[in-house]
Amino acid sequence: MNRDTRTALMDLAEHSVRSRGFDGFSYADLAEAIGIRKASIHYHFPTKANLSEALIERYQTNLQHGLAGIETTHSSAGARFKALIALYRSALQDGQTVCLCVAFSICRESLSDAVIAKVGAVRVMVLQWLTSMFELGQRDGSIAAIQDPTDEAHATLATLEGAHLAARTEEDPAVFDAATRLLSARCQG
């Protein structure tokens, strides 16, 4: 088995988790979809816990790159805020999926303690990024009515995650747009 098989397994497993939940697929499902034996999956990921840990680690890395890209591309907090909302919206895939942290949070009881801790670490990373963004927004005036940057970060992440769940329930990204419209309206310029 090569690196491409591992990546294909992770891509398929991530899509499965984000669309059906962690309990919504098995190694047999992955093997059938990719056209390999189930034993071949165990070569790459001995257990489903190993697979879930690899997924959240890759997700955190990709999200870090996405947030860094937003900072590189957008200088104002308001523009960064809009770009973050767009990043979360793109994760919906037309209302068919939710972000991996939301998907894992829904089925928390099926996850190892290590994966639960890593999901928490991803959320802390996003909260820190949001707090910094709101602090910048206070300085540059590009986000209206900022109260406490830390409180704003917590409320924003809860809104984005809740908007994901609502859009997935309705299988309609317009539900996400409606839920985040007030966030976007706070951005100046």
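The sections below set out a description of the structure shown in this document. (Residues numbered from 1 in each chain as written. Predicted model: local features only at pLDDT ≥ 70, side-chain atom pairs only at ≥ 80, totals over all residues. Heavy atoms only, no water.)

## Side note on the overall build of the chain
Inference 1: A tally of helices and strands in the chain yields 9 helices and 0 strands.
Inference 2: Traced from its N-terminal end to its C-terminal end, the chain shows the element sequence α-α-α-α-α-α-α-α-α.
Inference 3: Relative to a compact globule of 189 residues, whose C-alpha radius of gyration would be 16 Å, the chain shows 18 Å and is just as compact.
Inference 4: Taken over the C-alpha atoms alone, the chain extends approximately 55 × 30 × 30 Å along its principal axes. (Helix = DSSP H or I, 4+ residues; strand = E, 2+ residues; numbered from the N terminus. Rg over C-alpha atoms; globule rule 2.2 N^0.38 Å.)

## Observations regarding the pattern of salt bridges
Inference 1: Within the structure shown, the criterion is met by 9 salt bridges.
Inference 2: Its salt-bridge partner being Glu 152, residue Arg 186 comes within 2.8 Å of it at the nearest N-O pair. Taken together, the residues Arg 186 in the segment after helix 9 (173-185) and Glu 152 in helix 8 (residues 149-170) connect sequence positions 34 residues apart. We note that Arg 186, like Glu 152, is buried.
Inference 3: Across the pair Arg 168 and Glu 171 runs a salt bridge, and its minimum N-O distance is 3.2 Å.
Inference 4: Counted as one network, the salt bridges with shared partners bring together Asp 11, Glu 14, Arg 18 and Arg 58. (Salt bridge = Lys/Arg side-chain N within 4 Å of Asp/Glu carboxyl O. Buried < 20%, exposed > 50% of the residue type's maximum accessible area, 1.4 Å probe, protein only.)

## Some remarks on the packing of helix 5 (residues 77-90) against helix 7 (residues 113-140)
Inference 1: With their axes 8 Å apart at the nearest point, helix 5 and helix 7 run at an angle of 150° to one another. Judged by the angle between their axes, helix 5 and helix 7 are roughly antiparallel. Contacts between helix 5 and helix 7 involve Ala 77, Arg 80, Phe 81, Leu 84 and Tyr 88 from the first element and Val 126, Trp 129, Leu 130, Met 133, Phe 134, Leu 136, Gly 137 and Asp 140 from the second.
Inference 2: Grouping the amino acids of the contact of helix 5 with helix 7 by side-chain chemistry returns 10 nonpolar, 1 polar and 2 charged. (Axes fitted to C-alpha atoms, helices over the stretch in contact; angles between N-to-C directions. Parallel < 35°, antiparallel > 145°, perpendicular 65-115°, else oblique. Contact = heavy atoms within 4.5 Å. Nonpolar A, V, L, I, M, F, W, Y, C, P; charged D, E, K, R; others polar.)

## Here we look at the state of the cysteines
Inference 1: For the structure shown, the criterion picks out 0 disulfides.
Inference 2: We note that Cys 99 lacks a disulfide partner, and the nearest cysteine sulfur, in Cys 101, lies 5.5 Å from it.
Inference 3: When its relative accessible area of 3% is taken as the criterion, Cys 99 is described as buried. (Disulfide = S-S within 2.5 Å.)

## Observations regarding the packing of aromatic side chains
Inference 1: Under the counting rule described, the total for this entry stands at 3 aromatic pairs.
Inference 2: Here Phe 22 and Phe 25 contribute two aromatic rings whose centre-to-centre distance is 6.2 Å and whose plane-to-plane angle is 85°, an arrangement assigned as edge-to-face.
Inference 3: The class for Phe 25 is buried, based on a relative accessible area of 3%.
Inference 4: Relative to Phe 134, the ring of Phe 81 lies with its centre 5.3 Å away and its plane at 75°, an arrangement referred to as edge-to-face. With Phe 81 in helix 5 and Phe 134 in helix 7, this residue pair connects regions lying 53 residues apart in the sequence.
Inference 5: Taking relative accessible area as the criterion, Phe 134 reaches 0% and is therefore assigned buried.
Inference 6: Each residue in the set Phe 22, Phe 25 and Phe 104 is aromatic and connected to the rest through ring pairs, giving one cluster.
Inference 7: For Lys 48, the ring lying beneath its charged end belongs to Phe 22, and the centroid distance is 4.6 Å. (Phe/Tyr/Trp six-rings, centres within 6.5 Å; stacked < 30°, edge-to-face > 60°. Lys NZ or Arg CZ within 6 Å of the ring centre and 35° of its normal.)

## Description of the layout of surface pockets
Inference 1: By volume, the largest pocket is sized at about 230 Å³.
Inference 2: Residue lining of the largest pocket: Glu 14, Arg 18, Arg 58, Tyr 59, Asn 62, Leu 63, Gly 66, Leu 87, Tyr 88, Ser 90, Ala 91 and Cys 99, and that is the complete set.
Inference 3: Of all the elements in the fold, those that place two or more residues in the lining of the largest pocket are helix 1 (3-20), helix 4 (48-73) and helix 5.
Inference 4: Considering each element in turn, the lining of the largest pocket owes the most residues, 5 residues, to helix 4.
Inference 5: When the residues that make up the lining of the largest pocket are grouped by side-chain class, the tally is 6 nonpolar, 3 polar and 3 charged. (1 Å grid on protein atoms, 1.4 Å probe; cavity = no way out; pocket = protein on both sides within 12 Å on 5 of 7 lines; lining within 4 Å. Points joined across faces, edges and corners; volume = space filled by probe spheres on them.)

## As for helix 8
Since one α-helical turn is 3.6 residues long, residues separated by three or four positions face the same way.
Inference 1: Taking 1.5 Å per residue as the helical rise, helix 8 with its 22 residues ought to reach 32 Å, and the 31 Å between its terminal C-alpha atoms agrees with that figure.
Inference 2: Along helix 8, the residues that are buried comprise Pro 149, Glu 152, Ala 153, Thr 156, Leu 157, Leu 160, Glu 161, Ala 163, His 164 and Ala 167. For helix 8, the angular spread of buried residues about the axis comes to 155°, placing them on one side. Residues of helix 8 that are exposed and point more than 90 degrees away from the buried face comprise Asp 151, Thr 169 and Glu 170. (Expected span 1.5 Å × (residues − 1). Arc of directions from axis to C-beta.)

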